[in-house]
Amino acid sequence: MADTIFSSVLTFGGLLVGLAVVLIVAERLLINYGICRIDINSQEKVLEVEGGQTLLSALYENKVFIPSACGGRGSCGHCKITVLDGGGPVLPTEAPYLTRKEIRAGVRLACQVKVRENIDARVPEDLLNVKLFNATVQSTRSVTHDIKEIRFSLVEPAEISHRPGQYVQIQAPSPEGPVFRAYSISSPTYEDNVVELNVRLVPGGIGSTHLHELNEGDEVIFTGPYGEFRLDENPETEIICVGGGCGMAPMKNIIYSIYNQWPDRTCWLFFGCRGTRDVFYLKEYEELAKKHPNFHVIYALSDPVEKGEVWNGETGFIHLAVDKHLEANVARQAFLCGPPPMIEAVTRVLEEKGLAPEDIFYDKF
Amino acid sequence: MNGTSPLLIVVAAIFTSNILLASFLGMCSFLACSRQIGTALGLGTAVIFVMTCTTAINYGIYHGVLVEGAPLLSTDLTFLTFIVFIAVIAAFVQFVEMFVERFSPGLYHALGIFLPLITVNCAILGASLFMVIRSYSFFQSVGFGFGGGAGWALAITLMAGLRKKMGYSNVPKPFRGVAIIMIITGVMAMAFMGFAGMVSIQ
């Protein structure tokens, strides 16, 4: 008996050690690409990195933060960059995330491209300004039954410069290593030493659970700012903000930033909720609307108002409220944030009102 | 040990006792990767290669170390068969991936991403276990490994072709997706039973 145990441990242990040694030796000898050069935007930034890793992690090491939500497993499709030379052919793992036009233009998923030779890449200018922030939790408070407002005070770097409506990617721990989750910044741009988020708790969600469990003083790491929202600098252009569910953060940022700079600018906020228990920030906006008569706040409830509740706002879906309140053919820019069906419905209404598609920005989630 | 010729075993493993259609092994990647003929062929080639080599290596380890009275270690260690086979397959696939990546980037781009899928393909382990159960000789084992791989590749390629053709047909709604694939696999299995009388291996 003891003999059997001894020899089986010896055999299996020996076999595993043997296999591991073969693999390690093979890795040393075979997967050694030496130092490769990554040329970003024609000599704008040239990095020298160890070959063999993915382009995403090579860039990350050198403080070029490409947005990525899945942690490099090729399941989110966020880390798109253009690789002009040295990336090899498009892999079947990335093909589902790329359109034919993108493939022709050389767009790749950075997490799937391995650095094997010198690479010539194009990274949008915005992404080169993205930084990694260390911050601590300044305060958290529940604004509805499932949405928390969380404020971070920045530690290193101590300031952030962003455009209204942009987002950050918060690092959250998961069993398979850290992952990043995107959240829009709700604090206005002039508060440059804090980042505030509105986080809805998604049962079982990695990012939202982590954020909801944070206490004052806890440390967090995030990268940012990201996002394509571009506010029109002409004060004559009306701003339309339409949010649904918990899609409030970018709107709050846009509205407060606007009224800090242009007190008389016209702005409409439409916000759709299910019931009265989902309504938040309404008091703050009503205060703001008293100070700035050109600011219009419209909240709409999609569920019937329950008995004993008081509701003075609109009812029904939010795109109906947009249709009812806006006149056609005014110079406008619109920012939408909410679930895809809402975005589609609102986009249709806004286009009927004469907005060009390029003046409608949206965040679907 | 029986005296069947290895060549006969190759033919039998492809047609009469096709590892996928007769034993229903390796179904997961069969269902997942049979959407395009190119993908199916790539995965099929990788399976042929890995199955042939792992049956050979596992044969050596089983008869050299594990079995009672083996030349290297006389104790009976056959209860370790499963875990040893799995470890060998996993390590071998890793090694092949590195090797192909280094020396044939073209092949790597065609095959490379399928190789990790093969580690968890039960047909590969199945082939090694059949080899033990049916007490094949070395050449019979390699023949069975190659034939089994080729049979699997044939089945997945046929399925990819059928799925491509099926894109033009109007499948009833409840059957769309995996359901119709399972039905077709069943029909294919029955069709392959037509070969059953041709040669028989046990």
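Residues numbered from 1 in each chain as written. Chains lettered and ligands numbered in written order. Predicted model: local features only at pLDDT ≥ 70, side-chain atom pairs only at ≥ 80, totals over all residues.

What follows covers the pairing of strand β8 (residues 167–172) of chain A. Remember that side chains alternate between the two faces of the sheet whenever the strand is regular. Residue and element names in this part refer to chain A. Counting buried positions along β8 yields five of six residues, so the element is predominantly enclosed. Inspection of the sheet shows β8 paired to strand β9 (residues 179–184) by six bridges, in the antiparallel sense. Along β9, the bridge assignment pairs Q171 with F180. Counting the residues in the hairpin turn of β8 and β9 gives six residues, including G177, whose phi is positive at 90°. Direction of pairing for β8 relative to strand β11 (residues 219–226): antiparallel, over a ladder of three bridges. (Buried ≥ 20, exposed ≤ 12 C-beta atoms within 10 Å, placed from the backbone. Helix = DSSP H or I, 4+ residues; strand = E, 2+ residues; numbered from the N terminus. Pairing = 2+ DSSP bridges.)

Moving on to the interface of chain B and chain A. Taken together, the 18 residues of chain B in the interface contact 20 residues of chain A. Contributions of two or more residues to the side of chain B that touches chain A are made by α3 (37–66), α4 (81–103) and α5 (105–111) of chain B. Of the residues forming the side of chain B that touches chain A, the biggest block, nine residues, is contributed by α4(B). Class assignment of the residues belonging to the side of chain B that touches chain A gives a composition of 13 nonpolar, four polar and one charged. (Contact = placed C-beta atoms within 7 Å. Nonpolar A, V, L, I, M, F, W, Y, C, P; charged D, E, K, R; others polar.)

All names here are of chain B. Their axes nearest at 10 Å, the elements α4 and helix α7 (residues 122–133) cross at an angle of 135°. For the element pair α4 / α7, the angle class is oblique. Here α4 runs over α7; the crossing is right-handed. For the pair α4 and α7, the contacting residues are T81, F85, I86 and I89 in the first and I124, L125, S128 and V132 in the second. Tallied by class, residues from the contact of α4 with α7 come to six nonpolar, two polar and no charged. (Axes fitted to C-alpha atoms, helices over the stretch in contact; angles between N-to-C directions. Parallel < 35°, antiparallel > 145°, perpendicular 65-115°, else oblique. Left-handed = near helix turned anticlockwise from the far one by under 90°.)

A word on the packing of α7(B) against helix α8 (residues 138–166) of chain B. Residues and elements named next belong to chain B. Interhelical geometry of α7 versus α8 gives an angle of 150° and a closest axis separation of 10 Å. As judged from the angle between their axes, α7 and α8 are roughly antiparallel. Handedness of the crossing formed by α7 with α8: right-handed. Every residue of α8 that contacts α7 at A123, A127, F130 and M131 is listed here: S141, F144, G145, G148 and W152. Class assignment of the residues belonging to the contact of α7 with α8 gives a composition of six nonpolar, three polar and no charged.

It is worth spelling out the nonpolar core at this point. In this structure, A:A110, A:C241, A:V242, A:L269, A:F270 and A:V346 are the most contacted members of the largest nonpolar core, which totals 86 residues. If we skip the residues at most four places from it in the chain, A:V242 touches A:F270, A:I318, A:V322, A:A334, A:L336 and A:V346. In terms of nonpolar packing, the next biggest core, distinct from the first, is built from 56 residues, B:I48, B:V100, B:L115 and B:A150 among them. (Core = buried A, V, L, I, M, F, W, Y, C linked by C-beta atoms within 7 Å.)

Here we take up the sheet that holds strand β1 (residues 35–40) of chain A. All names here are of chain A. With mixed pairing, five strands are arranged side by side in an open sheet as β2-β1-β5-β3-β4. Every other strand in the sheet has two partners, leaving β2 (45–50) and β4 (107–109) as the edge strands with one partner each. Averaged over all pairs of adjacent strands, the angle between their axes in this sheet comes to 40°, without regard to strand direction. Sheet analysis places β1 next to strand β5 (residues 119–122), joined by three bridges and oriented parallel. Residue pairing for β5: I38 is matched across the bridge by I119.

Residues and elements named next belong to chain A. Read from one edge to the other, the open sheet built from six strands follows the order β15-β14-β13-β12-β16-β17, with strand pairing classed as parallel. Of all the strands in the sheet, the pair left with one neighbour each is β15 (314–315) and β17 (360–364). Summarising the sheet, strand β13 (residues 267–273) and strand β14 (residues 295–301) pair through seven bridges and their orientation is parallel. In the sheet register, L269 faces β14, and the bridge partner there is V297. Its contacts with the sheet place helix α6 (residues 249–261) against β12 (238–244), β13, β14, β16 (332–338) and β17, and it is angled at close to 155° to β12. Against the sheet, helix α8 (residues 318–325) makes contact with β12, β13, β14 and β15, and its axis sits at roughly 150° relative to β13, the strand it touches most.

Residues and elements named next belong to chain A. With respect to the helices and strands, G52 occurs in the loop between β2 and α2 (55–61). Taking the C-beta count within 10 Å as the criterion, G52 has 17 such neighbours and is therefore assigned partly exposed. Along the primary structure G52 and I35 are separated by 17 residues, whereas in three dimensions their C-alpha atoms are 9.3 Å apart. Once you skip the residues sitting within four places of it in the chain, G52 turns out to touch I31, Y33, K114 and V115.

The subject of this paragraph is the pairing of β12(A). All names here are of chain A. Most of β12 is tucked away, with six of its seven residues classed as buried. Alignment of β12 against β16, held across six bridges, turns out to be parallel. Directly across from I240, in β16, lies its bridge partner A334. With six bridges connecting them, β12 and β13 associate as parallel partners. Each bridged residue has a counterpart across the sheet, and for I239 the counterpart in β13 is C267. Read from β12 through α6 to β13, the crossover connection turns out right-handed. (Right-handed = clockwise from strand over helix to strand, strands pointing away.)

All names here are of chain B. Among the secondary structure elements, A191 is positioned in helix α9 (residues 178–192). Take A191: there are 11 C-beta atoms within 10 Å of it, and that puts it in the exposed class. Taking the C-alpha atoms as reference points, A191 and L21, 170 residues apart in sequence, are found 9.6 Å from one another.

Attention shifts here to α9(B). All names here are of chain B. Its 15 residues give α9 an end-to-end C-alpha distance of 21 Å, which sits within 8% of 21 Å, the value for a rise of 1.5 Å per residue. Buried within α9 are the following residues: I181, T185 and F192. Burial along α9 is one-sided: seen end-on, the buried residues are contained in an arc of 45°. Seen from the buried face of α9, the exposed residues on the opposite side, beyond 90 degrees, are A179, I183, G186, V187, M190 and A191. Buried residues along α9 sit in contact with α2 (27–32). (Expected span 1.5 Å × (residues − 1). Arc of directions from axis to C-beta.)

Turning to unusual backbone geometry, a few remarks are in order. The step from A:E156 to A:P157 runs through a cis peptide bond, and the omega angle for that step is -15°. Following A:G224, the chain continues to A:P225 via a peptide bond in cis, the omega torsion being -5°. Turning to its location among the elements, A:P225 is positioned in strand β11. For A:N329, which is not a glycine, the phi torsion comes out positive at approximately 55°. One can find A:N329 in the loop between α8 and β16. Here A:N329 falls in the exposed class, since 8 other C-beta atoms lie within 10 Å of it. A positive phi angle, near 55°, is found at B:F24, a position not held by glycine. Inspection of the secondary structure assignment puts B:F24 in the loop between α1 (6–14) and α2.

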